[in-house]
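Below are the chains, spelled out letter by letter.
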Amino acid sequence: MYEVESKGGAIGCMLLSLFFLGTWPAVMTSLEQKGRLPQHTYLDYSITNLLAAVLIALTFGQLGDPKSGQPNFFTQLAQDNWPSVLFAMAGGVFLSLGNLATQYAWAFVGLSVVEVITSSITVVIGTTLNYFLDDRINKAEILFPGVACFLIAVLLGAAVHGSNSADNKAKLEGAAADHEKGNGVGVPGEAEFGTADFLIELEDKRAIKVFGKSVWTGLAISLFAGVCFSLFSPSFNLATNDQWHRLKKGVDHLVVYTAFFYFSCSCFVIAIILNITFLYRPVLNLPKSSFKAYLNDWNGRGLAMLSGVLCGFGNGLQFMGGEAAGYAAADAVQALPLVSTFWGILLFGEYRKSSRKTYGLLVSMLLMFVVAVALLMATSGHRKDS
(Lines give C-alpha, C1' and ligand atoms only; values in the text may rest on other atoms or scores of the structure.)
Protein backbone atom coordinates (compact mmCIF):
# COMPACT_ATOMS: atom_id res chain seq x y z
CA MET A 1 0.00 0.00 0.00
CA TYR A 2 1.35 3.41 -0.99
CA GLU A 3 1.39 5.97 1.82
CA VAL A 4 1.90 9.73 1.65
CA GLU A 5 4.48 10.26 4.37
CA SER A 6 5.66 13.86 3.97
CA LYS A 7 4.04 17.25 4.39
CA GLY A 8 5.24 18.19 0.91
CA GLY A 9 3.62 15.09 -0.57
CA ALA A 10 0.36 15.86 1.19
CA ILE A 11 0.35 19.43 -0.14
CA GLY A 12 1.10 18.11 -3.64
CA CYS A 13 -1.95 15.83 -3.39
CA MET A 14 -4.09 18.78 -2.28
CA LEU A 15 -2.96 21.02 -5.14
CA LEU A 16 -3.58 18.36 -7.79
CA SER A 17 -6.94 17.58 -6.17
CA LEU A 18 -7.79 21.29 -6.23
CA PHE A 19 -7.26 21.41 -10.00
CA PHE A 20 -9.29 18.25 -10.69
CA LEU A 21 -12.18 19.19 -8.40
CA GLY A 22 -12.34 22.67 -9.87
CA THR A 23 -12.33 21.41 -13.46
CA TRP A 24 -14.93 18.63 -13.55
CA PRO A 25 -17.87 21.00 -12.79
CA ALA A 26 -16.89 23.10 -15.80
CA VAL A 27 -16.98 20.02 -18.02
CA MET A 28 -20.49 19.10 -16.85
CA THR A 29 -21.70 22.69 -17.13
CA SER A 30 -20.55 22.85 -20.74
CA LEU A 31 -22.71 19.80 -21.56
CA GLU A 32 -25.81 21.27 -19.90
CA GLN A 33 -25.34 24.53 -21.78
CA LYS A 34 -25.17 22.58 -25.04
CA GLY A 35 -28.53 20.97 -24.27
CA ARG A 36 -27.59 17.52 -22.93
CA LEU A 37 -29.96 16.33 -20.23
CA PRO A 38 -28.29 16.37 -16.78
CA GLN A 39 -29.68 12.91 -16.01
CA HIS A 40 -27.77 11.45 -18.97
CA THR A 41 -24.59 13.32 -18.04
CA TYR A 42 -24.67 12.27 -14.40
CA LEU A 43 -25.19 8.60 -15.23
CA ASP A 44 -22.07 8.65 -17.44
CA TYR A 45 -20.16 10.57 -14.77
CA SER A 46 -21.12 8.04 -12.09
CA ILE A 47 -19.71 5.09 -14.02
CA THR A 48 -16.21 6.53 -14.49
CA ASN A 49 -16.20 8.07 -11.01
CA LEU A 50 -16.54 4.55 -9.57
CA LEU A 51 -13.96 3.14 -12.00
CA ALA A 52 -11.47 5.78 -10.83
CA ALA A 53 -11.90 4.61 -7.22
CA VAL A 54 -11.46 0.97 -8.23
CA LEU A 55 -8.29 1.84 -10.16
CA ILE A 56 -6.86 3.75 -7.18
CA ALA A 57 -7.63 0.84 -4.84
CA LEU A 58 -6.07 -1.77 -7.15
CA THR A 59 -2.89 0.26 -7.68
CA PHE A 60 -2.04 2.54 -4.73
CA GLY A 61 -3.93 0.24 -2.36
CA GLN A 62 -1.87 -2.78 -3.34
CA LEU A 63 1.62 -1.33 -3.89
CA GLY A 64 4.39 -2.82 -1.73
CA ASP A 65 4.46 -3.40 2.02
CA PRO A 66 3.35 -0.47 4.18
CA LYS A 67 5.85 0.65 6.79
CA SER A 68 3.11 1.28 9.33
CA GLY A 69 1.85 -2.31 9.13
CA GLN A 70 -1.51 -1.37 7.65
CA PRO A 71 -3.07 -4.10 5.46
CA ASN A 72 -3.49 -3.82 1.72
CA PHE A 73 -6.80 -3.34 -0.08
CA PHE A 74 -7.69 -7.00 -0.73
CA THR A 75 -6.78 -8.00 2.82
CA GLN A 76 -9.22 -5.50 4.27
CA LEU A 77 -12.14 -6.64 2.13
CA ALA A 78 -12.36 -9.81 4.24
CA GLN A 79 -12.00 -8.13 7.66
CA ASP A 80 -14.81 -7.44 10.14
CA ASN A 81 -14.71 -3.66 9.72
CA TRP A 82 -18.36 -2.92 8.95
CA PRO A 83 -18.75 0.03 11.36
CA SER A 84 -16.05 1.90 9.44
CA VAL A 85 -17.42 0.71 6.11
CA LEU A 86 -20.81 2.21 6.99
CA PHE A 87 -19.21 5.56 7.82
CA ALA A 88 -17.42 5.50 4.44
CA MET A 89 -20.65 4.64 2.64
CA ALA A 90 -22.51 7.41 4.46
CA GLY A 91 -19.88 9.84 3.17
CA GLY A 92 -20.51 8.58 -0.36
CA VAL A 93 -24.25 9.18 0.02
CA PHE A 94 -23.61 12.78 1.15
CA LEU A 95 -21.25 13.41 -1.77
CA SER A 96 -23.63 11.92 -4.33
CA LEU A 97 -26.54 14.06 -3.11
CA GLY A 98 -24.35 17.16 -3.08
CA ASN A 99 -22.98 16.62 -6.58
CA LEU A 100 -26.43 15.86 -7.95
CA ALA A 101 -27.84 19.06 -6.43
CA THR A 102 -25.07 21.29 -7.73
CA GLN A 103 -25.64 20.03 -11.26
CA TYR A 104 -29.00 21.83 -11.21
CA ALA A 105 -27.81 24.83 -9.19
CA TRP A 106 -25.13 25.70 -11.77
CA ALA A 107 -27.85 26.53 -14.30
CA PHE A 108 -29.70 28.90 -11.95
CA VAL A 109 -26.88 30.66 -10.12
CA GLY A 110 -23.80 30.12 -12.28
CA LEU A 111 -20.73 27.94 -11.89
CA SER A 112 -18.61 30.42 -9.93
CA VAL A 113 -21.18 31.46 -7.32
CA VAL A 114 -22.45 27.92 -6.69
CA GLU A 115 -18.91 26.72 -6.04
CA VAL A 116 -18.29 29.64 -3.67
CA ILE A 117 -21.43 28.90 -1.64
CA THR A 118 -20.96 25.13 -1.42
CA SER A 119 -17.22 25.32 -0.72
CA SER A 120 -17.64 27.89 2.01
CA ILE A 121 -20.36 25.93 3.80
CA THR A 122 -18.12 22.88 3.53
CA VAL A 123 -15.24 24.74 5.14
CA VAL A 124 -17.25 26.35 7.93
CA ILE A 125 -18.99 23.11 8.99
CA GLY A 126 -16.80 20.32 7.66
CA THR A 127 -13.41 21.78 8.54
CA THR A 128 -14.53 22.54 12.09
CA LEU A 129 -15.75 18.95 12.52
CA ASN A 130 -12.52 17.54 11.06
CA TYR A 131 -10.39 19.72 13.33
CA PHE A 132 -11.90 18.13 16.43
CA LEU A 133 -12.05 14.61 14.92
CA ASP A 134 -8.33 14.85 14.12
CA ASP A 135 -7.51 15.58 17.77
CA ARG A 136 -6.55 19.16 16.86
CA ILE A 137 -3.41 18.20 14.94
CA ASN A 138 -3.87 21.31 12.78
CA LYS A 139 -2.83 24.75 14.02
CA ALA A 140 -5.97 26.49 15.26
CA GLU A 141 -4.34 29.94 15.23
CA ILE A 142 -3.96 29.58 11.45
CA LEU A 143 -6.90 27.28 10.66
CA PHE A 144 -9.74 29.43 11.94
CA PRO A 145 -8.49 32.69 10.37
CA GLY A 146 -8.51 30.66 7.13
CA VAL A 147 -12.13 29.69 7.80
CA ALA A 148 -12.92 33.37 8.40
CA CYS A 149 -11.39 34.22 5.02
CA PHE A 150 -13.75 31.74 3.39
CA LEU A 151 -16.69 33.42 5.12
CA ILE A 152 -15.57 36.81 3.81
CA ALA A 153 -15.23 35.29 0.35
CA VAL A 154 -18.83 34.03 0.60
CA LEU A 155 -20.06 37.55 1.24
CA LEU A 156 -17.98 38.83 -1.65
CA GLY A 157 -19.31 36.01 -3.85
CA ALA A 158 -22.89 36.95 -3.00
CA ALA A 159 -22.06 40.56 -3.89
CA VAL A 160 -20.51 39.44 -7.20
CA HIS A 161 -23.65 37.49 -8.03
CA GLY A 162 -25.92 40.40 -7.16
CA SER A 163 -23.89 42.87 -9.20
CA ASN A 164 -23.58 40.52 -12.19
CA SER A 165 -27.32 39.76 -12.12
CA ALA A 166 -28.03 43.48 -12.22
CA ASP A 167 -25.64 43.82 -15.17
CA ASN A 168 -27.38 41.01 -17.07
CA LYS A 169 -30.81 42.47 -16.35
CA ALA A 170 -29.69 45.82 -17.75
CA LYS A 171 -28.32 44.11 -20.88
CA LEU A 172 -31.59 42.27 -21.52
CA GLU A 173 -33.68 45.39 -20.92
CA GLY A 174 -31.46 47.32 -23.30
CA ALA A 175 -31.79 44.60 -25.95
CA ALA A 176 -35.57 44.61 -25.57
CA ALA A 177 -35.62 48.38 -26.13
CA ASP A 178 -33.44 47.98 -29.24
CA HIS A 179 -35.75 45.31 -30.63
CA GLU A 180 -38.74 47.59 -30.16
CA LYS A 181 -36.93 50.21 -32.20
CA GLY A 182 -36.38 47.65 -34.94
CA ASN A 183 -32.63 47.31 -34.53
CA GLY A 184 -32.89 43.50 -34.58
CA VAL A 185 -30.38 40.98 -33.23
CA GLY A 186 -26.96 39.72 -34.26
CA VAL A 187 -26.25 36.73 -36.47
CA PRO A 188 -27.60 33.56 -34.76
CA GLY A 189 -24.80 31.47 -33.23
CA GLU A 190 -22.26 34.30 -33.41
CA ALA A 191 -23.28 36.36 -30.37
CA GLU A 192 -20.35 37.76 -28.41
CA PHE A 193 -19.73 36.64 -24.82
CA GLY A 194 -21.39 38.94 -22.33
CA THR A 195 -23.98 40.44 -24.69
CA ALA A 196 -27.74 40.20 -24.36
CA ASP A 197 -27.89 38.16 -27.57
CA PHE A 198 -25.46 35.66 -26.05
CA LEU A 199 -27.63 35.32 -22.92
CA ILE A 200 -30.72 34.74 -25.06
CA GLU A 201 -28.98 32.16 -27.28
CA LEU A 202 -27.68 30.34 -24.20
CA GLU A 203 -31.20 30.10 -22.77
CA ASP A 204 -32.48 28.66 -26.06
CA LYS A 205 -29.78 25.96 -26.24
CA ARG A 206 -29.39 24.86 -22.62
CA ALA A 207 -31.20 21.89 -21.09
CA ILE A 208 -32.35 23.65 -17.89
CA LYS A 209 -34.38 26.78 -18.66
CA VAL A 210 -33.80 29.54 -16.12
CA PHE A 211 -35.41 32.71 -17.51
CA GLY A 212 -38.37 33.79 -15.40
CA LYS A 213 -37.47 31.51 -12.48
CA SER A 214 -36.52 32.72 -9.04
CA VAL A 215 -32.81 32.87 -8.25
CA TRP A 216 -33.74 31.67 -4.76
CA THR A 217 -34.41 28.23 -6.23
CA GLY A 218 -30.78 27.89 -7.21
CA LEU A 219 -29.55 29.36 -3.93
CA ALA A 220 -31.66 26.89 -1.92
CA ILE A 221 -30.28 23.99 -3.96
CA SER A 222 -26.76 25.35 -3.41
CA LEU A 223 -27.26 25.55 0.36
CA PHE A 224 -28.53 21.96 0.45
CA ALA A 225 -25.52 20.83 -1.57
CA GLY A 226 -23.15 22.71 0.73
CA VAL A 227 -24.51 20.96 3.82
CA CYS A 228 -24.12 17.57 2.09
CA PHE A 229 -20.54 18.38 1.09
CA SER A 230 -19.70 19.51 4.62
CA LEU A 231 -20.55 16.05 5.98
CA PHE A 232 -18.84 13.69 3.52
CA SER A 233 -15.25 14.46 4.60
CA PRO A 234 -15.92 14.05 8.38
CA SER A 235 -17.69 10.76 7.59
CA PHE A 236 -14.64 9.57 5.66
CA ASN A 237 -12.42 10.73 8.52
CA LEU A 238 -14.43 8.57 10.95
CA ALA A 239 -14.18 5.64 8.56
CA THR A 240 -10.37 5.71 8.39
CA ASN A 241 -9.51 6.70 11.96
CA ASP A 242 -12.34 5.24 14.09
CA GLN A 243 -12.38 8.16 16.54
CA TRP A 244 -15.61 6.82 18.06
CA HIS A 245 -14.05 3.35 18.68
CA ARG A 246 -16.66 1.27 16.86
CA LEU A 247 -14.24 -1.39 15.59
CA LYS A 248 -13.59 -4.54 17.57
CA LYS A 249 -10.28 -4.81 19.36
CA GLY A 250 -7.49 -5.93 17.04
CA VAL A 251 -9.32 -4.98 13.82
CA ASP A 252 -7.29 -2.64 11.61
CA HIS A 253 -8.59 0.79 10.73
CA LEU A 254 -9.74 1.11 7.14
CA VAL A 255 -6.88 2.34 4.96
CA VAL A 256 -7.75 5.34 2.82
CA TYR A 257 -7.99 3.27 -0.39
CA THR A 258 -10.42 0.70 1.04
CA ALA A 259 -12.56 3.45 2.56
CA PHE A 260 -12.56 5.32 -0.76
CA PHE A 261 -13.72 2.17 -2.57
CA TYR A 262 -16.73 1.72 -0.28
CA PHE A 263 -17.35 5.48 -0.33
CA SER A 264 -17.49 5.46 -4.14
CA CYS A 265 -19.69 2.36 -4.30
CA SER A 266 -22.44 4.01 -2.22
CA CYS A 267 -22.02 7.22 -4.20
CA PHE A 268 -22.55 5.22 -7.40
CA VAL A 269 -25.64 3.36 -6.14
CA ILE A 270 -27.40 6.53 -4.98
CA ALA A 271 -26.57 8.32 -8.24
CA ILE A 272 -27.90 5.47 -10.39
CA ILE A 273 -31.14 5.14 -8.40
CA LEU A 274 -31.91 8.87 -8.38
CA ASN A 275 -30.95 9.60 -11.98
CA ILE A 276 -32.88 6.68 -13.44
CA THR A 277 -35.84 7.92 -11.41
CA PHE A 278 -35.32 11.44 -12.81
CA LEU A 279 -35.32 10.03 -16.36
CA TYR A 280 -38.99 9.15 -15.96
CA ARG A 281 -39.94 11.72 -13.29
CA PRO A 282 -37.80 14.77 -14.14
CA VAL A 283 -37.53 17.83 -11.89
CA LEU A 284 -37.49 21.57 -12.73
CA ASN A 285 -39.68 21.05 -15.84
CA LEU A 286 -37.02 19.07 -17.71
CA PRO A 287 -38.31 16.80 -20.50
CA LYS A 288 -38.92 13.14 -19.79
CA SER A 289 -36.43 10.60 -21.04
CA SER A 290 -35.86 6.86 -20.77
CA PHE A 291 -33.03 4.43 -20.13
CA LYS A 292 -33.08 3.49 -23.83
CA ALA A 293 -32.77 7.16 -24.80
CA TYR A 294 -29.85 7.51 -22.38
CA LEU A 295 -28.04 4.52 -23.90
CA ASN A 296 -28.47 6.01 -27.38
CA ASP A 297 -27.28 9.49 -26.37
CA TRP A 298 -23.61 9.59 -27.37
CA ASN A 299 -23.51 13.36 -27.78
CA GLY A 300 -21.06 14.52 -25.11
CA ARG A 301 -20.63 11.10 -23.48
CA GLY A 302 -16.84 11.31 -23.61
CA LEU A 303 -16.79 14.61 -21.74
CA ALA A 304 -19.29 13.33 -19.17
CA MET A 305 -17.07 10.34 -18.49
CA LEU A 306 -14.02 12.60 -18.29
CA SER A 307 -15.76 14.60 -15.55
CA GLY A 308 -16.24 11.40 -13.54
CA VAL A 309 -12.55 10.53 -13.84
CA LEU A 310 -11.52 14.04 -12.74
CA CYS A 311 -13.86 13.99 -9.74
CA GLY A 312 -12.84 10.46 -8.73
CA PHE A 313 -9.12 11.19 -8.76
CA GLY A 314 -9.71 14.60 -7.17
CA ASN A 315 -11.53 13.06 -4.21
CA GLY A 316 -8.97 10.26 -3.91
CA LEU A 317 -6.06 12.72 -3.79
CA GLN A 318 -7.89 14.86 -1.23
CA PHE A 319 -8.33 11.85 1.06
CA MET A 320 -4.71 10.75 0.58
CA GLY A 321 -3.51 14.21 1.58
CA GLY A 322 -5.96 14.38 4.47
CA GLU A 323 -4.87 11.05 5.91
CA ALA A 324 -1.28 12.26 5.97
CA ALA A 325 -1.65 15.89 7.05
CA GLY A 326 -5.11 16.11 8.62
CA TYR A 327 -8.50 16.35 6.96
CA ALA A 328 -8.99 19.93 8.14
CA ALA A 329 -5.92 21.00 6.14
CA ALA A 330 -7.04 18.90 3.16
CA ASP A 331 -10.23 20.94 3.07
CA ALA A 332 -8.05 23.58 1.40
CA VAL A 333 -9.25 21.94 -1.84
CA GLN A 334 -12.53 23.74 -1.16
CA ALA A 335 -10.80 26.74 -2.74
CA LEU A 336 -11.80 25.06 -6.00
CA PRO A 337 -13.88 28.16 -6.98
CA LEU A 338 -10.51 29.64 -7.97
CA VAL A 339 -10.29 27.04 -10.72
CA SER A 340 -14.01 26.99 -11.52
CA THR A 341 -14.12 30.77 -11.90
CA PHE A 342 -11.18 30.61 -14.30
CA TRP A 343 -13.01 28.05 -16.45
CA GLY A 344 -16.27 29.97 -16.11
CA ILE A 345 -14.67 33.11 -17.52
CA LEU A 346 -12.62 31.32 -20.18
CA LEU A 347 -15.18 28.80 -21.46
CA PHE A 348 -18.60 30.25 -20.65
CA GLY A 349 -18.05 33.98 -20.79
CA GLU A 350 -19.12 34.59 -17.20
CA TYR A 351 -18.66 38.25 -16.18
CA ARG A 352 -17.82 39.33 -19.74
CA LYS A 353 -18.86 42.94 -20.41
CA SER A 354 -19.83 43.40 -16.77
CA SER A 355 -19.52 46.61 -14.78
CA ARG A 356 -16.38 47.82 -13.02
CA LYS A 357 -18.12 47.14 -9.73
CA THR A 358 -18.58 43.46 -10.67
CA TYR A 359 -14.95 43.14 -11.75
CA GLY A 360 -13.73 44.73 -8.52
CA LEU A 361 -15.82 42.38 -6.39
CA LEU A 362 -14.71 39.37 -8.45
CA VAL A 363 -11.01 40.17 -8.00
CA SER A 364 -11.55 40.72 -4.25
CA MET A 365 -13.30 37.36 -3.94
CA LEU A 366 -10.51 35.51 -5.74
CA LEU A 367 -7.80 37.20 -3.68
CA MET A 368 -9.60 36.22 -0.49
CA PHE A 369 -9.74 32.62 -1.71
CA VAL A 370 -5.99 32.66 -2.37
CA VAL A 371 -5.40 33.79 1.22
CA ALA A 372 -7.82 31.17 2.53
CA VAL A 373 -6.24 28.22 0.73
CA ALA A 374 -2.76 29.34 1.77
CA LEU A 375 -3.80 29.51 5.42
CA LEU A 376 -5.48 26.09 5.37
CA MET A 377 -2.47 24.45 3.73
CA ALA A 378 -0.19 26.10 6.30
CA THR A 379 -2.10 24.29 9.08
CA SER A 380 -0.95 20.86 7.86
CA GLY A 381 0.07 18.68 10.75
CA HIS A 382 1.26 15.08 10.92
CA ARG A 383 -1.03 12.29 12.05
CA LYS A 384 0.37 9.96 14.67
CA ASP A 385 0.17 6.26 13.83
CA SER A 386 -2.49 4.46 15.80
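Our subject is the structure that appears above.
Read on for a plain summary of the structure. Keep in mind that what you see is a predicted model, and the values were worked out from it rather than measured.

Rules used in this analysis
Residues numbered from 1 in each chain as written. Predicted model: local features only at pLDDT ≥ 70, side-chain atom pairs only at ≥ 80, totals over all residues. Heavy atoms only, no water. Phe/Tyr/Trp six-rings, centres within 6.5 Å; stacked < 30°, edge-to-face > 60°. Helix = DSSP H or I, 4+ residues; strand = E, 2+ residues; numbered from the N terminus. Buried < 20%, exposed > 50% of the residue type's maximum accessible area, 1.4 Å probe, protein only. Lys NZ or Arg CZ within 6 Å of the ring centre and 35° of its normal. Core = buried A, V, L, I, M, F, W, Y, C linked by side-chain atoms within 4.5 Å. Contact = heavy atoms within 4.5 Å. Axes fitted to C-alpha atoms, helices over the stretch in contact; angles between N-to-C directions. Left-handed = near helix turned anticlockwise from the far one by under 90°. Nonpolar A, V, L, I, M, F, W, Y, C, P; charged D, E, K, R; others polar. Salt bridge = Lys/Arg side-chain N within 4 Å of Asp/Glu carboxyl O.

Brief notes about the packing of aromatic side chains
- Scanning the model with the defined rule gives 16 aromatic pairs in all.
- Consider the rings of Phe 232 and Phe 263, whose centres lie 5.9 Å apart with planes at 50°: the pair is tilted. Of the two residues, Phe 232 sits in helix α8 (residues 215-241) while Phe 263 sits in helix α9 (residues 256-280), which places them 31 residues apart along the sequence. There is no split in this pair, since Phe 232 and Phe 263 are both buried.
- Members of the aromatic cluster, joined through ring pairs, are Phe 73, Phe 74, Trp 82, Phe 261 and Tyr 262.
- Looking at Arg 301, its charged tip hangs above the ring of Tyr 294, at a distance of 4.8 Å from the centre.
- Positioned over the ring face of Trp 298 is Arg 301, at 4.5 Å from the centre of the ring.

Points about the nonpolar core
- Residues Trp 24 and Phe 263 are the most contacted members of the largest nonpolar core, which totals 84 residues.
- When residues of this core are assigned to their parent elements, the largest contribution, eleven residues, is made by helix α4 (residues 82-109).
- Aside from chain neighbours lying at most four places away, what touches Phe 263 is Ala 88, Gly 91, Gly 92, Leu 95, Phe 232, Phe 236 and Phe 319.

Here we look at the packing of helix α1 (residues 7-33) against helix α2 (residues 38-59)
- With their axes 10 Å apart at the nearest point, α1 and α2 run at an angle of 145° to one another. You can see that α1 and α2 cross each other, and the crossing is right-handed. Across the interface between the two elements, Trp 24, Met 28 and Leu 31 of α1 pack against Thr 41, Tyr 42 and Tyr 45 of α2.
- When the residues that make up the contact of α1 with α2 are grouped by side-chain class, the tally is five nonpolar, one polar and no charged.

Points about the pattern of salt bridges
- Under the definition given, this model contains five salt bridges.
- Residues Arg 206 and Glu 32 are paired through a salt bridge, measuring 2.8 Å at the closest nitrogen-oxygen approach. Here Arg 206, found in the loop between α7 (196-205) and α8, pairs with Glu 32, found in helix α1; they are 174 residues apart in sequence, far enough to count as distant.
- In this structure, the salt-bridge partner of Lys 248 is Asp 80, at a minimum N-O distance of 3.1 Å. With Lys 248 in the loop between α8 and α9 and Asp 80 in the loop between α3 (73-77) and α4, the pair connects residues that are 168 residues apart, well separated along the chain.
- Take Lys 248: its relative accessible area is 56%, and that puts it in the exposed class.
- Residue classification places Asp 80 among the partly exposed residues on the basis of a relative accessible area of 37%.

A look at the environment of Met 14
- Tracing the sequence through the fold places Met 14 in helix α1.
- Residue class for Met 14 comes out buried when judged on its relative accessible area of 0%.

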